[in-house]
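One-letter residues, chain by chain:
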Amino acid sequence: MSQAQHIIEAILANLQESLGVKVLPQSELLQALIVIQKKLGYIPKNSLSVIAKVFNISRADVHGVVTFYDDLNLQDKPPPKAKHVLKICQAEACQSMGVREIMRQLKQRYPLDGDSVKIEKVYCLGNCALAPTVILDGEPYGNITYDQITDLIG
């Protein structure tokens, strides 16, 4: 059993203990996935059956939740670590405020395979009144420009 599997089993066992149940309620699935994602940086594909068993649901149900949310990363192995993670909203409000040009400039400055900045496209960060919006290392920024982003990254 891999280290990731041990970590996942410990997370699930801790949740079972804190709730005082053997079978976890489906309402806790997303929270459990978020905890796993934070701890490992991804959701291992080979862990879906283990997770499903503890929630008494199908592997397909777990897969559906993991693939529905952009912030959950379903992978075979851990993703490479970047110094910064930049999530850039691609929704209509952000597009109307110039996010495509910002994205073009950022792709030129930061190579996709580089280790300094991981750029992720996301769809609606729920901050449309302050478009364009990004999240840099977990912090949201609105009315953002290319120059402001590069200043924040350093």
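All chains use their own residue numbering, which begins from 1 and follows the written sequence. Only residues with pLDDT of 70 or above have their local features reported here, since the model is predicted, and side-chain atom pairs are shown and tallied only from 80 upward, although totals for entire chains, interfaces and linings are computed over all residues. Based on all heavy atoms of the structure, the side-chain values leave hydrogens and waters out of the count.

**Q** Go over the nonpolar core, please, and point to the residues and values.
**A** Residues Leu12, Leu33, Ile36, Ile51, Phe55, Val62 and Val66 are the most contacted members of the largest nonpolar core, which totals 22 residues. Only runs of H or I of at least four residues qualify as helices and only runs of E of at least two qualify as strands under DSSP, and these elements are numbered from the N terminus. At the level of secondary structure, the elements contributing two or more residues to this core comprise α1 (3-19), α2 (29-40), α3 (48-55) and α4 (59-68). Those residues in contact with phenylalanine 55 that lie beyond four places of it in its chain are Leu12, Val23, Leu24, Pro25, Gln26, Glu28, Leu29 and Ala32. Only buried Ala, Val, Leu, Ile, Met, Phe, Trp, Tyr and Cys residues count toward a nonpolar core, and they belong to the same one when joined by side-chain atoms within 4.5 Å. The buried label goes to any residue with under 20% of its type's maximum accessible area, the exposed label to any with over 50%, and the partly exposed label to all in between, with areas taken from a 1.4 Å probe on protein chains only. Counting 19 residues, the second-largest nonpolar core is a separate cluster that includes Cys89, Met103, Leu136 and Ile153. Whether two residues are in contact is decided by their heavy atoms, any of which lying within 4.5 Å being enough.

**Q** Describe in detail the pairing of strand β3 (residues 84-89), supporting the description with residues and values.
**A** Burial within β3 is extensive, with five of its six residues counted as buried. In this analysis, strands are considered paired if DSSP registers two or more bridges between them. Here β3 runs beside strand β4 (residues 117-122); their pairing, made up of six bridges, is parallel. Paired with isoleucine 88 across the bridge in β4 is lysine 121. In terms of strand pairing, β3 meets strand β5 (residues 134-136) through three bridges, oriented antiparallel. Within the sheet, the bridge partner assigned to isoleucine 88 lies in β5 and is valine 134.

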